[in-house]
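Spelled out from the first residue to the last, the chains are:
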Amino acid sequence: MSVKDLKETMAEPVRLREATAEDMPAVSGLLKAFLPFVEEPGLHEMVTTEDLIRDGFGDRRYFTILLLELVKDGEAALAIGYTMYFYKYSYGGRSLYMEAIFVLPEHHRKGYGKVIMRHLAKLALENHCRSLTWQGVLDRPSANFYRSLGAKDRSDVSDFQLDVEGMMGLIEGAT
Ligand SMILES: CC(C)(COP(=O)(O)OP(=O)(O)OC[C@H]1O[C@@H](n2cnc3c(N)ncnc32)[C@H](O)[C@@H]1OP(=O)(O)O)[C@@H](O)C(=O)NCCC(=O)NCCS
């Protein structure tokens with residue numbers, strides 16, 4: 001079975017498909033619903049629908065989004081979640097990096113998050129990746145979800161980040 005056609009029959013059947021530029025207004029709505037779960041320091045403003053179209057569907061594609069849709073009468077009826085991913089590379093070779101995973105709260109604990117993760121694992125293996133990686137905050141409920149998948153956390157590693165001001169300061173020698 002091709003991973004692109006993955007359909008899962010669960011309590012309510014769902015399917016995953018690659019989002020198109022036309023889906024970006026709906027994706028913007030999902031991103032807004034996702035925001036309260038992240039509380040990312042330094043995140044001042046969210047990307048717009050125009051940013052998503054430019055960066056996801058321009059000459060260089062910075063990400064891929066998969067939409068999780070409920071299927072009713074054989075037709076996709078409603079987007080209830082998404083994941084955003086891209087590929088990264090290191091001395092260890094290829095890795096699929098999951099930037100975000102989100103299922104609407106009213107659909108939590110129905111197995112849909114796991115459907116998305118299984119799909120990403122298949123995609124990673126099909127593309128000869130050595131790992132599927134992502135960031136998570138340890139004291140959030142999502143960490144229990146990640147552990148339920150058998151994922152190991154790297155508590156010895158921390159993220160370092162320069163925001164735009166920080167990068168400018170570095171270039172101009174202010175730091
Ligand atoms: C994290 C998230 C994607 C999980 O999706 P989900 O569809 O609810 O997860 P599943 O139903 O597939 O859960 C699979 C297993 O993970 C574990 N799990 C999932 N959510 C959990 C929670 N809140 N607390 C404890 N364990 C949890 C359970 O073992 C669960 O199996 P069970 O329900 O049979 O006990 C979803 O909760 C979500 O979108 N949260 C908000 C956004 C977010 O925090 N994203 C991650 C930050 S990037």
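A quick note: this is a predicted structure, and the numbers were derived from the prediction, not measured.

Asks: Could you clarify how one ought to interpret the overall build of the chain in this entry?
Replies: A tally of helices and strands in the chain yields five helices and six strands. The linear arrangement of helices and strands in the chain, starting from the amino end, is β-β-α-α-β-β-β-α-β-α-α. Relative to the 2.2 N^0.38 estimate, which gives 16 Å for 175 residues, the radius of gyration of the chain is 17 Å and therefore close to what a compact globule would have. Across its three principal directions, the C-alpha atoms of the chain cover 60 × 35 × 30 Å. Burial statistics for the chain: of 175 residues in total, 18% are counted as buried.

Asks: How should I be thinking about the environment of Phe34 in this particular structure?
Replies: Along the chain, Phe34 falls in helix H1 (residues 24-34). For the pair Phe34 and Val103, spaced 69 residues apart in the sequence, the C-alpha separation amounts to 8.4 Å.

Asks: Mind showing me how you'd approach the nonpolar core here?
Replies: Here is a general trend for soluble globular proteins: nonpolar side chains tend to be buried in one another's company. Counting 27 residues, the largest nonpolar core has Val27, Ile65, Leu68, Tyr82, Ile116 and Leu120 as its most contacted members. Looking at which element gives the most residues to this core, the answer is helix H3 (residues 112-126), with seven residues. In contact with Val27, other than residues within four places in its own chain, are Ala19, Leu52, Ile65 and Tyr82.

Asks: I tried to follow the site of the ligand on my own but got confused; where do I start?
Replies: Neighbouring the ligand are 18 residues, the closest being His108, Gly113, Pro141, Asn144 and Ser148. A class-by-class count of the residues in the shell around the ligand yields nine nonpolar, six polar and three charged.

Asks: I would appreciate a short explanation of the environment of Phe145 in the present structure.
Replies: Checked against the element boundaries, Phe145 lands in helix H4 (residues 141-148). Along the primary structure Phe145 and Arg109 are separated by 36 residues, whereas in three dimensions their C-alpha atoms are 9.5 Å apart.

Asks: Any chance you could explain the pairing of strand E6 (residues 131-134) here in plain terms?
Replies: The side chains of a regular strand alternate, residue by residue, between the two faces of the sheet. The pairing of strand E5 (residues 93-103) with E6 spans four bridges and is parallel. When the bridges of E6 are listed, Ser95 appears paired with Ser131. Regarding topology, H3 serves as the crossover connection from E5 to the parallel E6, and that connection is right-handed.

Asks: Please explain the environment of Glu18 as it appears in this structure.
Replies: Looking at the element boundaries, Glu18 is found in strand E2 (residues 14-18). The contact partners of Glu18, leaving out residues within four places of it in the chain, are Thr64 and Leu66.

Asks: Where do I start with unusual backbone geometry in this structure?
Replies: A negative phi holds for most residues other than glycine; trans holds for most peptide bonds. A positive phi angle, close to 60 degrees, is found at Arg109, a residue other than glycine. Considering the arrangement of structural elements, one finds Arg109 in the loop between E5 and H3. The phi torsion at His128 lies on the positive side, around 60 degrees, for a residue other than glycine. Residue position: His128 is located in the loop between H3 and E6. C-beta crowding within 10 Å serves as the criterion here: with 8 such atoms nearby, His128 is assigned to the exposed category.

Asks: Hey, could you run me through H1 in this one?
Replies: Residues that lie three or four places apart on an α-helix share one face, since the helix turns once every 3.6 residues. Inspection of H1 places Met24, Val27, Leu30 and Leu31 among the buried residues, and these make up the whole buried set. One side of H1 holds all its buried residues, which, seen down the axis, span an arc of 105 degrees. In H1, the exposed positions angled more than 90 degrees off the buried face are occupied by Pro25, Gly29 and Lys32. Residues of H1 that are buried in the fold lie against helix H2 (49-57), strand E3 (64-72), strand E4 (75-90) and E5.

Reading the values: rules and limits
- Residues numbered from 1 in each chain as written.
- Predicted model: local features only at pLDDT ≥ 70, side-chain atom pairs only at ≥ 80, totals over all residues.
- Helix = DSSP H or I, 4+ residues; strand = E, 2+ residues; numbered from the N terminus.
- Rg over C-alpha atoms; globule rule 2.2 N^0.38 Å.
- Buried ≥ 20, exposed ≤ 12 C-beta atoms within 10 Å, placed from the backbone.
- Core = buried A, V, L, I, M, F, W, Y, C linked by C-beta atoms within 7 Å.
- Contact = placed C-beta atoms within 7 Å.
- Near = placed C-beta within 6 Å.
- Nonpolar A, V, L, I, M, F, W, Y, C, P; charged D, E, K, R; others polar.
- Pairing = 2+ DSSP bridges.
- Right-handed = clockwise from strand over helix to strand, strands pointing away.
- Arc of directions from axis to C-beta.

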